[in-house]
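Here's the letter readout for the chains.
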Amino acid sequence: MRSRQTFTAVVPAAGVGRRMAAPLPKQYLALAGKTVLEHTLSRLLAHRAIERIIVAIGPEDDTFSRLPLAADPRISWVHGGAERADSVLNALQRVSSDFVLVHDAARPCLAQADLDALLASGTQADGAILASRVRDTMKRGDGWGSIAHTVSRDDLWHALTPQCFPTVPLRQALVQALNTGVEITDEASAMELAGFRPRLVEGRADNIKITRPEDLALAAFFLQQILESET
Ligand SMILES: Nc1ccn([C@@H]2O[C@H](COP(=O)(O)OP(=O)(O)OP(=O)(O)O)[C@@H](O)[C@H]2O)c(=O)n1
Ligand SMILES: C[C@](O)(CO)[C@H](O)COP(=O)(O)O
């Protein structure tokens, strides 16, 4: 990464957290004294190359504006959309930097060293994503609750976030993918469909996405470990 390169980050935070089965959206659940979203935003703002953050929030969200961080001049917000990709695209309309980083609000356990590594690779034409190697043996189900076959785990990765891309190609790729109706669950999927080959940057497996109830306590532990290791 060129030493002066700066980035805008987009943080999709407009989900309802169905799988979390919590009384409020998971990005606002309490984690180590703050909300999940505040930790995620703080992780990004702690990096000198992150100049601005655009947060996509839900249409009914009246919590974000009450967070102390919402007053930070580097942070602005847009309304999200029906799917994660729509939320990201809404935020991308406000991005003017050459490169953009997209990071899930539900991933607070982001280590600065991983962010450094991603930003160093993300300024190439095809972009880059943080990813962690699959460790378990992987099975494909037959749709009826049994194993169809075992999937080779050679060079098989979990796609994580942040994901970093040139802004204009990403915006175009997302529009194109959404118009084709293909399910897009991360930004790299849209870029791949548009013919790009994003780089895989190996990151920590504890950069988990808080998705199910058991993830919150795990995230609290991982976040504490990461913050202690960075002081
Ligand atoms: N329409 C949506 C859906 C999701 N997200 C965000 O995308 C990230 C990853 O999505 P996911 O973990 O699936 O969050 P939810 O959609 O809230 O979870 P669920 O699928 O269990 O409802 C989250 O930070 C979520 O807030 C978003 O901005 N807009
Ligand atoms: C973007 C992502 O976190 C990469 O693994 C994942 O695709 C988000 O999926 P979700 O179903 O929206 O949580």
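In case you missed it, the structure is sitting above this.
Just so you know, these numbers come straight off a predicted model, no measurement behind them.

Novice: Account for the site of ligand 1, naming residues and giving values.
Specialist: In the vicinity of ligand 1 there are 18 residues, among which Gly 17, Arg 18, Arg 19, Lys 26 and Ser 87 approach most closely. Contact between ligand 1 and Arg 18: an oxygen atom at 2.8 Å from a main-chain N or O atom of the residue. Contacts to ligand 1 include Lys 26, whose side-chain N or O atom sits 2.7 Å from an oxygen atom. When contributions to the shell around ligand 1 are tallied by element, the ones reaching two or more residues are strand S1 (7-13) and helix H2 (84-92). Residue composition of the shell around ligand 1, by class: 7 nonpolar, 4 polar and 7 charged.

Novice: Describe H2, with residues and values.
Specialist: Because an α-helix packs 3.6 residues into every turn, residues spaced three or four apart end up facing the same way. Within H2, burial applies to Ala 85, Ser 87, Val 88, Leu 89, Ala 91 and Leu 92. Those residues of H2 that are buried are in contact with S1, strand S4 (50-57), strand S5 (75-79), strand S6 (99-102), helix H4 (167-180) and helix H5 (187-193).

Novice: Residue-level account of the site of ligand 2, with values.
Specialist: Surrounding ligand 2, one finds Arg 19, Arg 84, Asp 104, Arg 107, Ala 159, Thr 161, Thr 185, Asp 186 and Lys 209. Side-chain polar atom of Arg 19 to an oxygen atom of ligand 2: 3.2 Å apart, as the coordinates give it. Separating an oxygen atom of ligand 2 from a side-chain N or O atom of Asp 104 is a distance of 2.5 Å. In the complex, the protein chains occlude 76% of the 360 Å² of accessible area that ligand 2 would expose alone. Counted by class, the shell around ligand 2 contains 1 nonpolar, 2 polar and 6 charged residues.

Novice: Outline the pattern of salt bridges, supporting the account with residue identities and numerical values.
Specialist: Summed over all chains, the structure comprises 8 salt bridges. For Asp 62, the salt bridge is made with Arg 66, and the minimal N-O distance between the two is 3.5 Å. A relative accessible area of 61% places Arg 66 in the exposed class. Ionic pairing is found between Asp 72 and Arg 74, a salt bridge with its closest N-O pair at 2.7 Å. Overall, the relative accessible area of 13% leaves Asp 72 in the buried class. Assessed through its relative accessible area of 35%, Arg 74 is described here as partly exposed. Residues joined by salt bridges that share partners form a network here, namely Arg 84, Asp 104, Arg 107 and Glu 187.

Conventions and cut-offs
Residues numbered from 1 in each chain as written. Chains lettered and ligands numbered in written order. Predicted model: local features only at pLDDT ≥ 70, side-chain atom pairs only at ≥ 80, totals over all residues. Heavy atoms only, no water. Near = heavy atom within 4 Å. Polar contact = N/O pair within 3.5 Å; in protein donor to acceptor, adjacent residues only side chain to side chain. Helix = DSSP H or I, 4+ residues; strand = E, 2+ residues; numbered from the N terminus. Nonpolar A, V, L, I, M, F, W, Y, C, P; charged D, E, K, R; others polar. Buried < 20%, exposed > 50% of the residue type's maximum accessible area, 1.4 Å probe, protein only. Contact = heavy atoms within 4.5 Å. Areas by Shrake-Rupley, 256 points an atom, 1.4 Å probe, with all protein chains shown as cover. Salt bridge = Lys/Arg side-chain N within 4 Å of Asp/Glu carboxyl O.

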